[in-house]
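Architecture and fold: a report
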Amino acid sequence: MKQTSERIRRIIEDSSLHLCLECGKCSASCPRLVAGRQYSPRLVAQKLMFHPEDAAYINNAVWECLTCGICEERCPSGVQFCRFILEMREALAEEQGLLGYRAHDGALHSWMRIMTAPELSQNRLEWLTPDLKVAQRGEVAFFTGCSPYFDVFFNNIQVDTLSLARDSIRLLNRLGREPVLLGNERCCGHDLLWTGDRENFETLCRLNYQEFRDHGVKEVITSCPECYLVLSQYLPKAVPESRLKVTLLIDLLAAEAQAGRITFKPLERRATYQDPCRLGRMAGRYEEPRGLMAKVPGLELKEMEFSRQGALCCGNSSFVNCDAFSKRIQVERLRQAQATGADLLVTACPKCLIHTTCAMRDPVKGGSLAMEVRGLVNILADQME
Amino acid sequence: MSPVNLLGIACNWSPYCCYNAAGQAGLELPPSFRLMRVMCIGRINQALILRAFEHGADGVIVLECEDADCRYGPGPEVGHNNVARVRKLLRFLGIGQERLVEKTFLADQKEELVRVLWDFHRRIEALGPNPAKARQERVAS
Ligand code: SF4
Ligand code: SF4
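Residues numbered from 1 in each chain as written. Chains lettered and ligands numbered in written order. Predicted model: local features only at pLDDT ≥ 70, side-chain atom pairs only at ≥ 80, totals over all residues. Heavy atoms only, no water.

Looking at the interface of chain A and chain B
As a reminder of what qualifies: Whether two residues are in contact is decided by their heavy atoms: any pair within 4.5 Å suffices. Values labelled buried area give the accessible surface lost by two parts on being combined, using a 1.4 Å probe and summing over both. Within this document, salt bridges are pairs made up of a side-chain nitrogen of Lys or Arg and a carboxyl oxygen of Asp or Glu, the two lying within 4 Å of each other.
Every contact between the two is made by 37 residues of chain A and, on the other side, 22 residues of chain B. Note on chain A versus chain B: buried area summed over both sides is about 2600 Å², and carbon and sulfur give 54% of it. Among the residues of chain A in contact with chain B, D105, I114 and V152 of chain A are the three that bury the most area, contributing 23% of the side total. Between R91 of chain B and E126 of chain A there is a salt bridge; the shortest N-O distance is 2.6 Å.

Listed below in structure tokens is the structure:
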């Protein structure tokens, strides 16, 4: 590694790697190791601190991590492993280029980088139908995210990501709100951030901020955990003048449901719930989605063997490394879902939806992993009264 | 008129035959045009086409065999499917779906190939540069 030891030293300090006790809890819980890969967060941390000359090992390990955050949850010592991975990816990308293996040959990162062009004039709202009430101007916007793009890109696996945007707006309309939808909103940049592309990530933040500002938007509502995480935690660092209020749709719904302002029709189903890493471990929302499901009469929630803080990853994050081990993690997760006896898998992240759907369609598994998978907002919008 | 960058992605079989024959016959090709030869259009995915636009291509033309002529089986169908999807993505992005086209050729259609390429060149020249002009990755990988 040619990086100045100063930068590495700072990364070690920022992520508290030196607090590591070598207990190995992180490695024992890492889904990549559980899936059979010889992979150890503990060892990466130790190598970086004491054997930085083993650059090949460190570099590979940095790109392989799913950034799922289970290790951080387990660590008794407060090591911030995800932050370590994020900062290391930035450092490596600056020095060597964006070398991480990108799933789908990096197509998604391509369109995200294309969106950094300031002159772009997108047609991203073609899916809006007349029944969805949206405003041209106003202080509250709904952030659609990449759903329209996913919808096209993944149409071969029949995953309806656009329904998440539609149903979010239906729910907002039901609450008497007509959000602004921005025709030139950019990708929030989550996947560029987590693949080390800081420069383009910050450009997206600035362009989104300008778009909000130019339209008088003061609050952004989103149903995507990744958009929420980026807009609320990372955008303000990239655009210090931002005073944007960022609201997670399920928080809003949970409050409204609690106050009795929205109620739901019965749904006699047995469901299980996949905690998305960005919603659970990174944003601490475990009870809100469960509380909302509990408001739907008849909907029985059966927890999987690993849930809440210990939930198993959907197999991939930021489209950086989908491999045989990702697949094993997905198969294991779907088996856990089936073992609950549920016939409906609910999640709250478009990417969990994409990845679980993709894994279920594996022809080799002959449909044995198949079960209905839906977004939480889909269920709530269908059942709202 | 600004110079444009065009990328042709050609299947090794019929379209490349035409391209080769056009070269041997001394037919003039548009100067804006660079050709990438692949063994089969079935090898091309959405990412490779999108990447051309990310790196500043103003237009991409996918040159493929007729469905029934594919040496491998489903190549051109894979191509139609990918082109249709990327055209939609390009429309959403505001780059414009007209910047991506596909054409099928028989092995003996060199004049047709040259005509199609000139025609595409003129249409893209009229449209001007891709509004998402090159934001290069630091290192192409
Ligand atoms: S973040 Fe997840 S994949 Fe990465 S080392 Fe920790 S447990 Fe393993
Ligand atoms: S769990 Fe924390 S303290 Fe234990 S080995 Fe991993 S990083 Fe070190």
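Observations regarding the sheet that holds strand β7 (residues 344-347) of chain A
All names here are of chain A. Inclusion rule: Two strands qualify as a pair provided that DSSP identifies no fewer than 2 bridges between them. Strands are runs of DSSP state E lasting at least two residues, helices are runs of H or I lasting at least four, and both sets are numbered from the N terminus onward. Note on geometry: axes are C-alpha line fits, over the in-contact stretch for helices, and angles between N-to-C directions span 0 to 180 degrees.
Strand order in the open sheet formed by four strands is β6-β5-β7-β8, and the pairing between neighbours is parallel. Two strands bound the open sheet, and with one partner strand each, they are β6 (299-301) and β8 (372-375). Strand after strand, the sheet turns through a mean of 35° between neighbouring axes, direction not considered. Bridge count between strand β5 (residues 269-274) and β7: four bridges; the pairing is parallel.

Notes on the pattern of salt bridges
It is possible for side chains of opposite charge to pair when their charged atoms get near one another. All names here are of chain A. Put simply, the rule reads: Here's how the labels work: a residue is buried when its accessible area is under 20% of the maximum for its type, exposed when over 50%, partly exposed in between, all with a 1.4 Å probe on protein chains only.
Considering all chains together, one arrives at 38 salt bridges over all chains under this definition. Of the charged contacts in the structure, one is a salt bridge between K47 and D54, with a shortest N-O distance of 2.8 Å. Taking relative accessible area as the criterion, D54 reaches 26% and is therefore assigned partly exposed. Notably, a salt bridge pairs K351 with D191, separated by 2.6 Å at the nearest N-O pair.

With respect to the packing of helix α8 (residues 107-114) of chain A against helix α2 (residues 46-54) of chain B
Quick reminder of the rule: Angles below 35 degrees are treated as roughly parallel, those above 145 as roughly antiparallel, those between 65 and 115 as roughly perpendicular, and all remaining angles as oblique. Left-handed is the label given to a crossing in which the near helix is rotated counterclockwise from the far helix by less than a right angle, and right-handed is the label when the rotation is clockwise. Any residue outside Ala, Val, Leu, Ile, Met, Phe, Trp, Tyr, Cys, Pro, Asp, Glu, Lys and Arg is labelled polar, Gly included; the first ten of those are nonpolar and the last four are charged.
Running from N to C, α8 of chain A and α2 of chain B cross one another at 25°; their axes reach a closest spacing of 9 Å. Viewed along their axes, α8 of chain A and α2 of chain B adopt a mutual orientation that is roughly parallel. Where α8 of chain A crosses over α2 of chain B, the two elements pack in a sense that is left-handed. Residues A107, S110, W111, R113 and I114 of chain A of α8 of chain A pack against A47, L50, R51, F53 and E54 of chain B of α2 of chain B. Here the contact of α8 of chain A with α2 of chain B is composed, by residue class, of six nonpolar, one polar and three charged.

Brief notes about a nonpolar patch on the surface
For clarity, the cut-off: Grouping into patches uses exposed residues only, defined as over 30% relative accessible area, and leaves out salt-bridged ones; the cut-off is 9 Å for like charges and 5 Å for nonpolar side chains (Val, Leu, Ile, Met, Phe, Trp, Tyr). In short, Shrake-Rupley with a 1.4 Å probe defines the accessible areas, and a residue's cover is counted only from the protein chains shown.
Residues W13, M39 and Y72 of chain B make up a contiguous nonpolar surface patch of roughly 310 Å² in combined accessible area. Take W13 of chain B: it is sitting in the loop between β1 (6-11) and α1 (14-24).

Some words on the site of ligand 1
Formally: A molecule or strand has a residue near it when one of that residue's heavy atoms lies within 4 Å.
Around ligand 1, the structure places C30, P31, Y39, P41, C65, L66, T67, C68, G69, C71 and F81 of chain A. For the shell around ligand 1, the class distribution of residues is nine nonpolar, two polar and no charged.

A closer look at the packing of aromatic side chains
The condition is simple: Two rings from Phe, Tyr or Trp (for Trp, the six-membered ring) form a pair when their centres sit within 6.5 Å of each other. Planes less than 30 degrees apart are called stacked, planes more than 60 degrees apart edge-to-face, and all others tilted.
Applying the stated criterion across every chain, the model contains eleven aromatic pairs over all chains. Here F153 of chain A and F154 of chain A contribute two aromatic rings whose centre-to-centre distance is 5.0 Å and whose plane-to-plane angle is 85°, an arrangement assigned as edge-to-face. F153 of chain A gets classed as buried once you look at its relative accessible area, which sits at 6%. Pairing Y16 of chain B with Y19 of chain B gives two aromatic rings, centres 5.6 Å apart and planes at 40°, and the pair type is tilted.

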